[in-house]
Amino acid sequence: MRFRAKIVDLACLNHFSRVINTIAKLAKACTLRLTVSKLYFILSDKVANGGVSMWCELCQGNFFDEFQMEGVAAEHNEIYLELVPENLSRALRTAQSAKAVKIKLTNKHCPCLRVAVELPSLSSSSRIVTHDIPVGVIPRRLWNDFREPSVPDFDVSIYLPALKTMKSVVERMKNLSSSIVIEANLSGEMNLKIETDLVSVTTHFKDLGNPPWASEDGCQSSAQGRDLESMAEARIDIRKLQQLLAGQQVNPTKALCNIVSNRIVHFILLHEDVSLQYFIPALA
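Read on for a plain summary of the structure. (Residues numbered from 1 in each chain as written. Predicted model: local features only at pLDDT ≥ 70, side-chain atom pairs only at ≥ 80, totals over all residues. Heavy atoms only, no water.)

**Some words on unusual backbone geometry**
If you check the backbone angles, Asp207 has positive phi at about 60° while not being a glycine. Note on placement: Asp207 falls in the loop between strand 14 (200-205) and strand 15 (232-237). Even without a glycine there, the phi angle at Asn262 is positive, about 55°. Tracing the backbone shows Asn262 in the loop between strand 16 (254-260) and strand 17 (264-271). (Helix = DSSP H or I, 4+ residues; strand = E, 2+ residues; numbered from the N terminus.)

Listed below in structure tokens is the structure:
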């Protein structure tokens with residue numbers, strides 16, 4: 001099992017750092033899945049227990065100048081590692097003006113991701129700062145626990161308003177209630193609501209638009225034949241939503257959410273070379 005990669009391009013390095021920072025805000029620990037063409041950051045708290053889950057996918061060719069890996073076996077050419085993303089984020093913070101960053105899987109005393117940051121120096125020799133990040137190697141028999149979550153059969157799919165706007169609304173609401181209701185319809189309208197004994201506040205968004213798949217392919221059956229005005233809603237933990245909005249450093253080109261009434265809200269944030277899915281289960 002071997003893995004080594006190198007980033008030389010500063011723009012790619014900063015972009016990669018922003019992705020890792022976002023992941024670190026969303027997950028204390030997560031699984032890093034390495035394949036020949038992609039990296040995945042996976043958090044699979046069992047939604048049934050009220051946990052959120054996350055699936056973030058990156059095309060390695062858009063970030064790395066060199067990327068070599070050999071998985072656990074020829075027919076299973078993948079590596080699954082458990083890591084604390086904050087540690088990786090911290091290591092990359094030292095790389096803001098680096099000439100190159102090398103990442104390598106090593107096993108001196110325990111399995112580690114070694115991040116070697118080559119910094120520019122005034123003399124001819126360069127300075128190298130090394131971070132060893134402990135990781136756990138996940139055995140092959142457990143890999144099935146980390147499959148891509150299936151997109152739920154949603155009632156409504158809608159584009160999100162500007163995330164900054166949404167973030168400031170949610171931050172104000174967070175001081176009033178621990179839960180928030182998200183409701184939306186197939187006419188591009190979405191409301192964020194909180195209701196407590198003392199106060200009820202609703203923020204309305206309109207003309208957001210609905211993704212084309214909300215109507216066309218037959219597999220999303222619950223949206224089929226649905227009254228365009230009727231709202232699908234789910235009440236979720238407001239802190240989990242705020243965490244998602246506050247952690248965003250990737251500035252997605254498209255952001256949308258799918259609502260399965262009273263069951264789950266599924267967020268999808270798309271950037272040219274990164275896609276992040278985040279599932280927040282509804283509160284009972």
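**Concerning the state of the cysteines**
Counted by the stated rule, this structure contains 0 disulfides. Here Cys12 is not disulfide-linked; the sulfur of Cys59 is the nearest cysteine sulfur, at 12 Å. Cysteine Cys59 remains unbridged, with the sulfur of Cys56 as its closest cysteine sulfur at 11 Å. (Disulfide = S-S within 2.5 Å.)

**Focus: helix 2 (residues 85-93)**
Within the sequence span of helix 2, burial applies to Pro85, Leu88, Ser89, Ala91 and Leu92. Seen along its axis, helix 2 keeps its buried residues to an arc of 160°; they face one direction. (Buried < 20%, exposed > 50% of the residue type's maximum accessible area, 1.4 Å probe, protein only. Arc of directions from axis to C-beta.)

**Some words on the packing of helix 3 (residues 163-174) against helix 4 (residues 238-246)**
At their nearest, the axes of helix 3 and helix 4 sit 9 Å apart, and the two run at 145° to each other. Helix 4 is crossed by helix 3, and the crossing has left-handed handedness. Contacts between helix 3 and helix 4 pair Leu163, Met166, Lys167, Val170, Glu171, Met173 and Lys174 from the former with Ile238, Leu241, Gln242, Leu245 and Ala246 from the latter. Considering only residue class, the contact of helix 3 with helix 4 consists of 8 nonpolar, 1 polar and 3 charged. (Axes fitted to C-alpha atoms, helices over the stretch in contact; angles between N-to-C directions. Left-handed = near helix turned anticlockwise from the far one by under 90°. Contact = heavy atoms within 4.5 Å. Nonpolar A, V, L, I, M, F, W, Y, C, P; charged D, E, K, R; others polar.)

**Some remarks on the sheet that holds strand 9 (residues 127-134)**
Reading across from one edge, 5-1-7-8-9 is the order of the 5 strands in this open sheet, with antiparallel pairing throughout. Each edge of the open sheet is held by one strand with a lone partner, namely strand 5 (66-70) and strand 9. Here the strands of the sheet are splayed against their neighbours by 15° on average, with no regard to which way each runs. The pairing of strand 8 (residues 111-119) with strand 9 spans 8 bridges and is classified as antiparallel. Bridge assignment links Glu118 to a residue of strand 9, and that residue is Ile128. Along the sheet, helix 2 makes contact with strand 7 (100-107), strand 8 and strand 9, crossing strand 9 at roughly 175°. (Pairing = 2+ DSSP bridges.)

**Some thoughts on the environment of Val260**
On the secondary structure map, Val260 appears in strand 16. We classify Val260 as buried; its relative accessible area is 5%. Taking the C-alpha atoms as reference points, Val260 and Ala234, separated by 26 residues in sequence, lie 7.3 Å from one another. Setting aside anything within four residues of it in sequence, one finds Val260 in contact with Pro152, Asp153, Phe154, Asp155 and Ala234.

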